[in-house]
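Structural description and commentary
One-letter residues, chain by chain:
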There are 2 protein chains.
Amino acid sequence: MQKIVIIGGVAGGMSAATRLRRLDEEASITVVERSGHVSFANCGLPYHLGGVIEKRSSLLLQTPESLAARFAIDVRVRHEARAIDRANRRVTVRDLATDEDVELEYDALVLSPGARPVVPRIPGISVAHTLRDIEDLDHLVASARDAREAVVVGGGFIGVEVAENLVHRGVAVTLVEATDQVMAPLDPEMVEPVHDAMRAAGVRLALGVSVVRIDPGEPGEPHLAHLSDGRAVPAGLVVAAIGVRPETSLAAAAGLALGERGGILVDDSLRTSDPAVFAVGDAVEKRDGLDASSVLVPLANTANRQGRVVADVIAGRPGVDRPVLGTAIVEVFGVAAAAVGWNEKRLREAGRPHRVIHTHPGSHAGYYPGAEAMALKLLVDPGTDEILGAQAVGRDGVDKRIDVVATAMAGRLTAGDLADLELAYAPQFGSAKDPVNMLGWVDRAVADGDVETLQWHELDGALAAGATLVDVRSPREHAVRPVPGAVNIPVDDLRARLEELPDGPLVVHCEVGLRGYVAARLLAQHGRSVRNLDGGYRTWAAGTAGQRTAERVGAPA
Amino acid sequence: MQKIVIIGGVAGGMSAATRLRRLDEEASITVVERSGHVSFANCGLPYHLGGVIEKRSSLLLQTPESLAARFAIDVRVRHEARAIDRANRRVTVRDLATDEDVELEYDALVLSPGARPVVPRIPGISVAHTLRDIEDLDHLVASARDAREAVVVGGGFIGVEVAENLVHRGVAVTLVEATDQVMAPLDPEMVEPVHDAMRAAGVRLALGVSVVRIDPGEPGEPHLAHLSDGRAVPAGLVVAAIGVRPETSLAAAAGLALGERGGILVDDSLRTSDPAVFAVGDAVEKRDGLDASSVLVPLANTANRQGRVVADVIAGRPGVDRPVLGTAIVEVFGVAAAAVGWNEKRLREAGRPHRVIHTHPGSHAGYYPGAEAMALKLLVDPGTDEILGAQAVGRDGVDKRIDVVATAMAGRLTAGDLADLELAYAPQFGSAKDPVNMLGWVDRAVADGDVETLQWHELDGALAAGATLVDVRSPREHAVRPVPGAVNIPVDDLRARLEELPDGPLVVHCEVGLRGYVAARLLAQHGRSVRNLDGGYRTWAAGTAGQRTAERVGAPA
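Residues numbered from 1 in each chain as written. Chains lettered and ligands numbered in written order. Predicted model: local features only at pLDDT ≥ 70, side-chain atom pairs only at ≥ 80, totals over all residues. Heavy atoms only, no water.

**With respect to the packing of aromatic side chains**
For the coordinates displayed, the defined rule picks out 4 aromatic pairs over all chains. Judged by centre distance (5.2 Å) and plane angle (85°), the ring pair of Tyr368 of chain A and Tyr47 of chain B falls under edge-to-face. On the criterion of chain membership, the pair formed by Tyr368 of chain A in the loop between strand S22 (355-359) and strand S23 (374-380) and Tyr47 of chain B in helix H2 (residues 45-49) is interchain, its members lying in two chains. Accessibility classification places Tyr368 of chain A together with Tyr47 of chain B in one group, the buried group. (Phe/Tyr/Trp six-rings, centres within 6.5 Å; stacked < 30°, edge-to-face > 60°. Helix = DSSP H or I, 4+ residues; strand = E, 2+ residues; numbered from the N terminus. Buried < 20%, exposed > 50% of the residue type's maximum accessible area, 1.4 Å probe, protein only.)

Dropping the structure here:
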């Protein structure tokens, strides 16, 4: 009979435990969990804070009792693993209620300790809440009850979700983020709709700013958060959500190898440097799906997958951990933002050549009521047409398009292949030319040399170098949402007014890029040197709005 | 200068025309369209009937004037192509307003005539409406104004959409369908939620029934539709929607080759048997994505794709028409039904081995409000694990899952590969184990021999052969929704009550298949011969409900 001990009873750990039972009815399976709960809905925590998930009990998907009954798993909550005696294959576990230690023997040990919130080292930070488990949630809910103002430190997934849910509670929220934008997986011109939605909902975004000190409030008074721009923000509640770090203390103390990113090092069987010890989930380093580099990807679905793989390996089956693309999504005040693969920031840093495509399709056919505009971005290897990454932002249909692109990446389809995908079309759900198909067509047009595009951040340079910018939208659109310096000739008038265009290189733009493409094809065939502003006015406006924020941030307050 | 004439100004024809202009600024491009409109939203027609799309003008995406201005295309509406003189490369075109004929010369001719509604040959059918173009819609809307009862003949896409929209207008609808089910792309156990939704909305479904005669009503009185079951249904309005047939009269008269299915025969450059004549869209035979057989797939997205390909070919570029999977979706009274690839009916007819998987996941995490149950079905080649087809039915998230599976099929991922897809997870959008991942896991469990499943229609045979059926749900579920003949031992009690099980083969079932799987693993490891009822009670109940309909249909009225 195999003795298996699993440290950590959420996501990866519990997936491993239940899968192991299904594979081996005889094994002894013990799960040790430091908090008071196992298998809770980690990703749902912020939504109970805001009352979206009304009942706290909804978050508790399993209990020690239910797991014992169905899977004969010995689940010990409020037990902390203190040390691993690798030579004798024993774990010392402390019962946090009694402070008594017991020793658990193992044939195989699985570490699934997760990641812990990073807390900035600033004076007064001890008043800050973090949100990792049910106990954290209970404390946060209790503190939020009396708070009128809150400061959320950090604009990642947890930060924006907590900010939204505090607003739902009627709390005035200031979100402080050290970079120029929330949601780092998105490039700056893609994140603007998220910023807009948060501001519209009343969140004060302090971007490019950090908290330098928190003064505890007098009894009955809020704390005071001092920001790097000199402001002081009252905060009955402070939440630290600047990120997470692999929980490696137990592994490190046991002498298990850590990787370059600070996570537990595992091979593709999820074995650590000790063949009897395995590790899964947010605590381990994963292999990147594009370049096989070591990455930290703290996602629940990845953790669950690894839990299954490690169970297979322990049960003597073939089990291979896969590289990760890191597909992720967040919704804030009705705006969904999703990403897969690499973003442009990362490609630039890595010096990897890339082709960029921006589109602004409707979530479904424009003639059917309720279509919402979305922004899509595709990043492509210009040499091989490999899809390197994608981003999508909007109020509807965003998750679907990112899932389709993620699946295409898994299937090694090229960007051009997206044009040929057969996606389910009825006017409620998409378009006869689906947004994903359109990405493929735009990619082919660029790859085939039918059109040369210019990115939003390249426009100033092109104009400085002498290009003429032609707005091919209607005079009304031109008047209401102008790009400075553009002359206006609507695309439908272009053939008749070719003579009006000055000599030299041209840049055309429209609202989203489509009329610009038609205009660019026309002008190119008339012998003109022309580039189309990729994503049109909308991408340019979003990108330059972000730039202005960044400049404000750089300027004295 | 190349002279191009295109017959048919919707979908494929107009995609070809605009793409040709983008590729060739000099070509002469003429589009001939029999109806009064080009580029109208074909798939939106039923929704204007019901007022969902309020303005008729929303359906008119382009006009001859807009196409002339932007693309310099000579669009002639209310012109009918009468004959092709292939030897001299001329088309005779009649102006339907003046009855005058003109001859148009061509270097390349593109036929995009679409498909026409099939009208059953029964007495009195001349009163029936069909719905193909804006003129049909106008007639239908005018007639619907005074109708209180309608008979819709045919339960395909158009039939169910027209039925729904007539209900929206307050018309009492009887839908008459000759087979036992609406929506033939779905297998019978998958279509039941569609039947349920239609019946709940007040549609009288006459399945397994046909219309044998229509007696015209007296002035001011409705017509009377006589059905094959002896009933006579009053109908102020009759709509014939039993299907469509490729429009081939012009092609056939010109001596162009037709295929085995009655569509225009084209090669993978979309050339007909005459190298100067091309054809696209619903009128042509396509190649099936699974077995390359000749198929008719009348879908707007396929037509658009072919329009682009044919433009590339005519412009001298490489252009290759792709085989089709036929991904399709319909929504009726809030229930979406989607399918891709082959269904089980077709696999059986073809004698092709297949593995079947049914699941009933939530559209998103159950702990987050608003999750809707859906039914999924996956069809897999048991030898290669190739995905042969999929179906999905439910109120939310159905389109996304079918699009993901369709993309996986395009990327030649296996069914097992679905388990590893990284899909965007936040609780509003999916689950950490997404429904598509679950399909992959179930597939692997069956492929690996971890569980043997039994299909809903195999249960009676298994019980007759002596198997014992064990319901592993709770006593309450067992009492409320029983499968006849089952004994009830909840999965959580199973280990303690193994002795109660009689000798011999066992079949276990639960509500959706998941607890049954856990029970089957447990029992198999205790040495029992056991099969899990695939899809659990829900699939069995849906399948047998459909069977009962079929039996009623077979019985005397």
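Structure's up, so let's keep going.
**Thoughts on the interface of chain B and chain A**
Each side of the interface is counted separately: chain B has 78 residues, and chain A has 78 residues. Buried area between chain B and chain A, summed over both chains or domains, comes out near 7,100 Å², and the portion from carbon and sulfur atoms is 54%. When the area that chain B buries against chain A is broken down by residue, the three leading residues are Arg70, Tyr367 and Glu422 of chain B, summing to 12%. Our enumeration of links across chain B and chain A arrives at 15 salt bridges. Notably, a salt bridge pairs Arg322 of chain B with Asp420 of chain A, separated by 3.1 Å at the nearest N-O pair. Remark: the boundary between chain B and chain A carries 40 residue pairs in polar contact (both at pLDDT 80 or more). Listed by contribution, the elements that provide at least two residues to the side of chain B that touches chain A are helix H1 (12-23), helix H3 (64-71), helix H8 (300-314), strand S20 (328-332), helix H10 (398-410), helix H11 (435-447) and helix H14 (514-525) of chain B. At 9 residues, the largest contribution of residues to the side of chain B that touches chain A is made by H10 of chain B. Each residue belonging to the side of chain B that touches chain A can be placed in one class, and the counts come to 41 nonpolar, 12 polar and 25 charged. (Contact = heavy atoms within 4.5 Å. Buried area = accessible area lost by both parts, 1.4 Å probe. Salt bridge = Lys/Arg side-chain N within 4 Å of Asp/Glu carboxyl O. Polar contact = N/O pair within 3.5 Å; in protein donor to acceptor, adjacent residues only side chain to side chain. Nonpolar A, V, L, I, M, F, W, Y, C, P; charged D, E, K, R; others polar.)

**Focus: the sheet that holds strand S12 (residues 211-215) of chain B**
Residue and element names in this part refer to chain B. Spatially, the 3 strands line up as an open sheet ordered S12-S13-S14, and their pairing is antiparallel. Each having just a single partner strand, S12 and strand S14 (232-235) make up the two edges of the open sheet. If you compare each strand with its neighbour and ignore which way they point, the axes differ by 25° on average. Here 4 bridges tie strand S13 (residues 223-227) to S14, and the two strands are oriented antiparallel to one another. The residue bridging His226 from the neighbouring strand is Ala232, located in S14. (Pairing = 2+ DSSP bridges. Axes fitted to C-alpha atoms, helices over the stretch in contact; angles between N-to-C directions.)

**Some thoughts on the relation of the copies chain B and chain A**
Note that the two copies of the chain are related through a rotation about an axis and a translation along the same axis. Each copy of the sequence occupies a distinct position, and chain B is placed on chain A by a rotation of 180° and an axial shift of 0.0 Å, giving an RMSD of 0.0 Å. In the structure described here, the two chain copies are related by an operation that fits a two-fold rotation axis. Residue Gly411 of chain B of chain B places its C-alpha closer to the rotation axis than any other residue of that unit, at 2.1 Å. Interface residue correspondence from chain B to chain A reaches 100%, placing this contact among same-surface, isologous pairings. (Least-squares fit on C-alpha atoms with pLDDT ≥ 70 in both.)

**Section: the pairing of strand S10 (residues 172-177) of chain A**
Residue and element names in this part refer to chain A. Taking burial as the measure, the 6 residues of S10 include 5 buried ones, the bulk of the element. Across 4 bridges, S10 lies against strand S11 (residues 204-207) in parallel orientation. Residue pairing in the sheet places Thr174 in a bridge with Arg204 of S11. The parallel pair S10 and S11, bridged by helix H6 (residues 188-200), forms a crossover whose chirality is right-handed. (Right-handed = clockwise from strand over helix to strand, strands pointing away.)

**What to know about the side chain of Arg305 of chain B**
By secondary structure assignment, the location of Arg305 of chain B is in helix H8. The buried category is assigned to Arg305 of chain B, whose relative accessible area is 10%. In this structure Arg305 of chain B touches Ala419, Asp420, Glu422 and Trp441 of chain A together with Arg322 and Val324 of chain B, once residues within four positions along its chain are discounted.

From the geometry alone we can't say anything about function, so treat these as descriptive.
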